[in-house]
Amino acid sequence: RKWVYTFGNGAAEGSAGDRDLLGGKGANLAEMASLGLPVPPGLTIVTDACAWYYKNGRSLPDDLKVQVLEGIKGMEHATGRGFGDTAQPLLLSVRSGARTSMPGMMDTVLNLGLNDLTVEALAHNAGDARFAWDSYRRFIQMYGDVVMGIDHEVFEEILEDEKSRFGHELDTDLSAVEWQHVTGLYKEMIEEALGEPFPQDPHVQLWGAIGAVFASWNNPRAVTYRHLHSIPAEWGTAVTVQAMVFGNLGSSSATGVAFTRNPSTGEKALYGEFLVNAQGEDVVAGIRTPQSITEVARIDSGSDKPSLEKVMPEAFAEFGRICDRLEAHYRDMQDLEFTIERGKLWMLQARSGKRTTKAAMKIAVDMVAEGVIGEEEAVLRIDPASLDQLLHPTIDPRVERHVIGSGLPASPGAATGAIVFTAEEAVVAEEEGRKVILVRVETSPEDIHGMHAAEGILTTRGGMTSHAAVVARGMGIPCVAGAGTMRVDLRNELLIGMGVTLKKGDVITIDGSSGQVLKGEVPMLQPELSGDFAKLMEWADKARRMTVRTNADTPVDARAARSFGAEGIGLCRTEHMFFEGDRIHVMREMILAEDEAGRRTALDKLLPMQRSDFTELFSIMHGLPVTIRLLDPPLHEFLPKTEEEIAEVAAAMGMDATFLSQRVDALHEFNPMLGHRGCRLAISYPEIAEMQARAIFEAAVAAARETGAAVVPEIMVPLVGLRAELDYVKGVIDRVARDVMTEAKLEISYLVGTMIELPRAALRAHVIAEAAEFFSFGTNDLTQTTFGISRDDASAFIPTYQRKGIIEHDPFISLDFDGVGELIRIAAERGRQTRPDMKLGICGEHGGDPASIHFCESANLDYVSCSPFRVPIARLSAAQAAI
Ligand code: ADP
Ligand code: MG
Ligand code: MG
């Protein structure tokens, strides 16, 4: 079988499309060679050989060895040198390269083929003994480290000792004789450490290096990197063996790295660094300060070291032409590695360059203007998740961070404020115009108003799906959750972090994108939503099929969502409205009432409050669809819990504490998430649904009169499992609708639908659809009920599941396509059997997750609904899914 693909001299056996086979590096070297660019000749061993290596006790197949030697013959022919030849030695580099770039994770060996004889020949041929011994000592060090397993520190120590003995500061100060001396010490040290000499046979060196590159696929760095970037272990690495070119051949030689455009700003200008008389990783290793490639960049950086443009104008000009050529060829910004040997330019690597989100957007938009790519291609080039970086203030990357603790990056963006420990203090601070960070052990629904008032939220307990995290993401407020390294001392109003104790009122900054907690105020960069961002969004909107709505409970959310381009509300959770201000008292009065009459008295007081909320939401949405969900959570969520709280509330309500405590006990449930909630409440207490329906229709009348735009409210009944449940609640809604329309003498069209959040509802969708005019997939609960995993308890074991490879993704973050997804498909199909024009959407947290949005496109849903700050991400993802 074919293990080896060669390249060089204007031709290659592979091409850029062969990444899977040749790795990214090998594939692009082949492509550049075919383009006729100056690439030292070489060969690439396919990635499959890596699997073979591991399956066969870390050995190499015989036919592979034959093919490698065959390939080296070609390189000998092209260079006029011989591998192991003691007169005209050919030296090689042995390089790793996976399908996707894993920068610096695996090993490379340079100058292979040098030994005590070939080093002399190299010196003689180049007329430069210093260069030859510099190359040899580099080789021994790299080979000793990578293949023989001797820590590179040991080599560094020897070199440092000798340098100070010789009285030199820089590596470049050492003479040929001095390098020869260091080389001798290296070899002695190796023999002493391993009991065997440094291998002199170039073929032994070669197989050793190839094996070591395969072995480096499983070094701890690489394993961790793969884990972080979800790269499968089966992929394996390719190995490229290539003729060496030398950047360390004196003052007309150099090595460098460059981007064809600026990777942090996206500006169309060559950007990079190089070093004269250097090799390999010297540029990034920080041994010497590298110099700018262009003169403009040199002036910008204020450096007095000359640019490549200045010192090697011809090589620079050729490099510039190659950059243009490669950009046009790959139609993307390139990250390039090159070496100049005595004035002659050689290309050693090309790949798509990593860039910041800001740069990615500028480059995409610029390339459309340049006619390099089309609008849809530009839309595809932006990672939707990366937009999070843009939509919130971020900490200026140039400032130093004084970190005092860290937790989970629960809701992106950075915020600064004075510490407060209660929601009430946050509310007071907001009224007084002070900025605060709400610091809690964990949050509960009672803290909502305080969370709204705060600039940011910090909790010391809880995971990515804890109350604080979910609510903060929904509000677009930065949040660091579960900062276990910090402690809250409520009694003394202290926050204790790493080496610091902070009081109430002390200023901290939280970075919800990294999870860090910083001391004091920190300079920020503000989001910019015009320009390139706006242009890309416009293109995305043209390309997508699904509509994007928002989950919004308050006018603030609704306005933010509109400014991010939401096309309606997909989920308005009415219960949040009952926590605002004094309403909680009236709500409690309602819950604690002993009979229907008592409940109705309290509901009469709640009606105008709800009506005004809805009127405002309807006018903000100005004719766009608004889906309102009837009361969903179990009632005891609105009641005090601890004895202290009970006493406080009882006093405030003029009620007997013992009585209140009894009522709280009576409402207690063993498993509230599967208890008396959702439509079950509306069936037990139809007067609640009646009040909410009345508030909705009266608001629709008011908004229609006020704005002139027809509102079509969509009323959503939660937690339906039986058609009869929906029939019952729909009966209540329809009756109220008729009453209100008769009173107002105005026709209002409206829809009644249901959330699909129970497996039974999904399976019986064709029957439920006889009563429901729309379905909205409540995938938070649907995931919970399908898996039988409590959302609030999942963080205790989901991370373990992930670590042990039992599940890959947290199903509460990225939709479980196989199980929950199957139920969605079934429900969509059966629902549409009954009602072909039925509107289908998703309103769980998944509505803002790019992978889940792709699924929604494939399941042919009509819209996704997500928190306001995720609306742009959803617009972009929906477009990418449709293209
Ligand atoms: P990485 O994947 O870590 O970037 P590379 O295989 O690109 O590793 O090698 C690192 C560096 O070694 C290159 O940037 C280049 O400077 C140098 N190098 C690799 N191959 C050669 C070669 N054939 N001639 C000269 N230098 C080389
Ligand atoms: Mg490289
Ligand atoms: Mg639900």
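Residues numbered from 1 in each chain as written. Chains lettered and ligands numbered in written order. Predicted model: local features only at pLDDT ≥ 70, side-chain atom pairs only at ≥ 80, totals over all residues.

Asks: What is the right way to look at the sheet that holds strand β25 (residues 547–551) in this model?
Replies: Two modes of strand pairing occur in sheets, parallel and antiparallel, and in both the strands are linked by backbone hydrogen bonds. Taken together, the 8 strands give a closed barrel; going around it, the order is β25-β26-β27-β28-β29-β30-β31-β32, and neighbouring strands pair in parallel fashion. Across this sheet, the average inter-strand angle for adjacent strands is 25°, counted without regard to direction. (Pairing = 2+ DSSP bridges. Helix = DSSP H or I, 4+ residues; strand = E, 2+ residues; numbered from the N terminus. Axes fitted to C-alpha atoms, helices over the stretch in contact; angles between N-to-C directions.)

Asks: How should I be thinking about the domain arrangement of the chain in this particular structure?
Replies: Accessible area lost during the coming together of the parts is what is often quoted as the interface size. The domains assigned to the chain are domain 1 (254–355), domain 2 (393–525) and domain 3 (544–573 + 611–628 + 681–882). Put simply, the middle of domain 1 and the middle of domain 3, counted by C-alpha atoms, are 52 Å apart. (Domains from an automatic or database assignment.)

Asks: Just to check I follow, could you spell out the site of ligand 1 for this structure?
Replies: Taken together, 16 residues lie around ligand 1, and Ser-93, Arg-95, Thr-108, Gly-280 and Glu-337 are the ones closest in. Elements with a contribution of two residues or more to the shell around ligand 1: β4 (92–97), β10 (334–341) and β11 (344–352). Here the shell around ligand 1 is composed, by residue class, of 5 nonpolar, 8 polar and 3 charged. (Near = placed C-beta within 6 Å. Nonpolar A, V, L, I, M, F, W, Y, C, P; charged D, E, K, R; others polar.)

Asks: For this particular structure, what's the right way to read the environment of Arg-58?
Replies: Position of Arg-58 relative to the elements: it lies in the loop between α2 (48–55) and α3 (62–79). Judged by the 10 C-beta atoms lying within 10 Å of it, Arg-58 falls in the exposed class. Taking the C-alpha atoms as reference, Arg-58 lies 9.6 Å from Ala-212; in sequence the two are 154 residues apart. If we ignore the near neighbours within four places in the chain, the residues touching Arg-58 are Tyr-53, Gly-211 and Ala-215. (Buried ≥ 20, exposed ≤ 12 C-beta atoms within 10 Å, placed from the backbone. Contact = placed C-beta atoms within 7 Å.)

Asks: What is the right way to read helix α22 (residues 583–592) from this model?
Replies: Residues lying three or four places apart along an α-helix face the same way, a consequence of the helix completing one turn every 3.6 residues. Three or more residues of α22 are buried, namely Met-587, Arg-588, Met-590, Ile-591 and Leu-592. On its buried face, α22 sits against α23 (596–621), α24 (643–653) and α25 (657–667).

Asks: How should the UniProt feature "active site" (unreviewed entry) in the chain be read in this particular structure?
Replies: Those residues carrying the UniProt feature "active site" (unreviewed entry) are His-467 and Cys-843 in this numbering. On the secondary structure map, His-467 appears in helix α19 (residues 467–475). Residue classification places His-467 among the partly exposed residues on the basis of 19 C-beta atoms within 10 Å. Every residue in contact with His-467, bar those within four places of it in the chain, is listed here: Glu-442, Thr-443 and Ser-444. Taking the C-beta count within 10 Å as the criterion, Cys-843 has 28 such neighbours and is therefore assigned buried. Residue contacts for Cys-843: discarding those within four places in its chain leaves Asn-551, Gly-570, Leu-571, Ser-776, Gly-778 and Ser-865. (UniProt positions renumbered as here; feature names shortened; annotations may be inferred.)

Asks: Would you mind going over the packing of helix α6 (residues 152–166) against helix α7 (residues 176–194) with me for this structure?
Replies: Helix packing geometry: the angle between the two helix axes and the distance between the axes. Remark: α6 packs on α7, axes separated minimally by 10 Å, with the N-to-C direction vectors making an angle of 145°. In the packing of α6 onto α7, the handedness of the crossing is right-handed. Here Val-154, Phe-155, Ile-158, Leu-159, Glu-162 and Phe-166 of α6 lie close against α7, whose contacting residues are Glu-178, His-181, Val-182, Leu-185, Tyr-186 and Met-189. Here the residues of the contact of α6 with α7 are counted per class, giving 9 nonpolar, 1 polar and 2 charged. (Left-handed = near helix turned anticlockwise from the far one by under 90°.)

Asks: Which parts of the structure should I look at to understand the packing of α23 against helix α27 (residues 686–707)?
Replies: Their axes nearest at 7 Å, the elements α23 and α27 cross at an angle of 30°. Classified by the interaxial angle, the pair formed by α23 and α27 is roughly parallel. In the packing of α23 onto α27, the handedness of the crossing is right-handed. Looking at the contact of α23 with α27, its residues break down into 13 nonpolar, 5 polar and 8 charged. (Parallel < 35°, antiparallel > 145°, perpendicular 65-115°, else oblique.)

Asks: Explain the confidence of the model for the chain here, please?
Replies: A low pLDDT score tells you not to read the predicted coordinates there in detail. Mean pLDDT over the chain: 93, with 100% of residues reaching 70 or higher. Across the interface, the model reports ipTM at 0.97; the global pTM reads 0.84. (pLDDT = per-residue confidence, 0-100.)

Asks: What exactly am I supposed to notice about the pairing of strand β23 (residues 516–519) here?
Replies: A regular strand places its side chains on the two faces of the sheet in alternate fashion. Across 3 bridges, the pairing between strand β13 (residues 403–406) and β23 is antiparallel. Counted as the bridge partner of Val-403 is Leu-518 from β23. In this structure, strand β22 (residues 507–511) lies alongside β23, joined through 4 bridges in antiparallel fashion. Bridged to Ile-510 within β23 is Val-517. Linkage of β22 to β23, two consecutive antiparallel strands, is achieved through a turn of 4 residues, within which Gly-515 is found at a positive phi near 90°.

Asks: What exactly am I supposed to notice about the environment of His-622 here?
Replies: Relative to the helices and strands, His-622 is located in the loop between α23 and β27 (626–629). A tally of 12 C-beta atoms within 10 Å means that His-622 is categorised as exposed. In this structure the C-alpha to C-alpha distance between His-622 and Ala-710, which are 88 residues apart in sequence, comes to 8.0 Å. Apart from the residues within four sequence positions on either side, His-622 is in contact with Thr-707 and Ala-709.

Asks: Even after reading the chapter, I still don't get unusual backbone geometry, so can you show me in this structure?
Replies: For residues other than glycine, phi is negative in most cases, and the peptide bonds are mostly trans. In the Ramachandran plot, Arg-342 falls in the positive-phi region, its phi being about 45° despite a non-glycine side chain. The backbone of Lys-745 shows a phi angle near 55°, a positive value even though the residue is not glycine. Checked against the element boundaries, Lys-745 lands in the loop between α28 (723–744) and β29 (751–756). When the 7 C-beta atoms within 10 Å are taken as the criterion, Lys-745 is described as exposed.

Asks: Any chance you could explain the sheet that holds strand β17 (residues 456–459) here in plain terms?
Replies: Across the sheet, which stays open at both edges, the 8 strands sit in the order β13-β23-β22-β15-β16-β17-β18-β14 with mixed pairing between neighbours. Two strands lie at the open edges of the sheet, namely β13 and β14 (408–411), each paired on one side alone. Adjacent strand axes in the sheet meet at a mean angle of 35°, parallel and antiparallel pairs treated alike. Helix α17 (residues 423–431) contacts β15 (414–420) and β16 (436–440) of the sheet and is inclined by roughly 175° relative to β16. On top of the sheet, α19 reaches β14, β17 and β18 (479–481); it is set at about 45° to β14, its chief contact.

Asks: What is the right way to read helix α34 (residues 850–858) from this model?
Replies: Among all positions of α34, only Ser-852, Ile-853, Phe-855 and Cys-856 are buried. Relative to the axis of α34, the buried residues are bounded by an arc of 155° and lie together on one face. In the core, the buried residues of α34 are packed alongside α33 (820–834), β31 (839–842), β32 (863–866) and α35 (871–882). The positive-phi residue at the C-terminal boundary of α34 is Asn-860, with phi of around 65°. (Arc of directions from axis to C-beta.)

Asks: Just to check I follow, could you spell out the UniProt feature "binding site: Mg(2+)" (unreviewed entry) in the chain for this structure?
Replies: UniProt feature "binding site: Mg(2+)" (unreviewed entry): in the numbering of this structure it lies at Glu-757 and Asp-781. In sequence the annotated residues extend across 25 residues, while in space they remain close, none of their C-alpha pairs exceeding 5.4 Å. Tracing the chain through its elements places Glu-757 in the loop between β29 and α29 (759–763). Setting aside anything within four residues of it in sequence, one finds Glu-757 in contact with Leu-719, Gly-778, Asp-781, Leu-782 and Thr-785. With respect to the helices and strands, the residue Asp-781 is situated in helix α31 (residues 779–787). A count of 22 C-beta atoms within 10 Å places Asp-781 in the buried class.

Asks: What exactly am I supposed to notice about the environment of Asp-613 here?
Replies: With respect to the secondary-structure elements, Asp-613 resides in helix α23. A count of 23 C-beta atoms within 10 Å places Asp-613 in the buried class. Counting along the chain gives 114 residues from Asp-613 to Gly-499, while the straight-line C-alpha distance between them is 46 Å.

Asks: Whenever I open this one, the pairing of β16 confuses me. Can you help?
Replies: Buried residues dominate β16, accounting for 5 of its 5 residues. Burial along β16 is two-sided: the residues Val-436, Leu-438 and Arg-440 and Ile-437 and Val-439 are all buried. Where β15 meets β16, 3 bridges bridge the pair, whose relative direction is parallel. Residue pairing for β16: Ala-418 is matched across the bridge by Val-436. What joins β15 to β16 is α17, and the crossover it makes is right-handed. A crossover links β16 with its parallel partner β17, the connecting element being helix α18 (residues 448–453), and its sense is right-handed. (Right-handed = clockwise from strand over helix to strand, strands pointing away.)

Asks: Would you take a moment to explain the nonpolar core for this structure?
Replies: One recurring pattern in soluble globular proteins is that nonpolar side chains are buried together. Within the largest apolar cluster, 216 residues are counted, with the highest numbers of intra-cluster contacts made by Ile-45, Ala-209, Met-347, Leu-536 and Val-864. The residues that make up this core include at least three from each of domain 1 (254–355) and domain 3 (544–573 + 611–628 + 681–882). Not counting chain neighbours up to four residues away, the residues in contact with Leu-536 comprise Met-361, Ala-364, Val-365, Ala-378, Val-379 and Ile-382. Counting 43 residues, the second largest nonpolar core, distinct from the first, contains Ala-415, Ala-454, Leu-458 and Leu-518. (Core = buried A, V, L, I, M, F, W, Y, C linked by C-beta atoms within 7 Å.)

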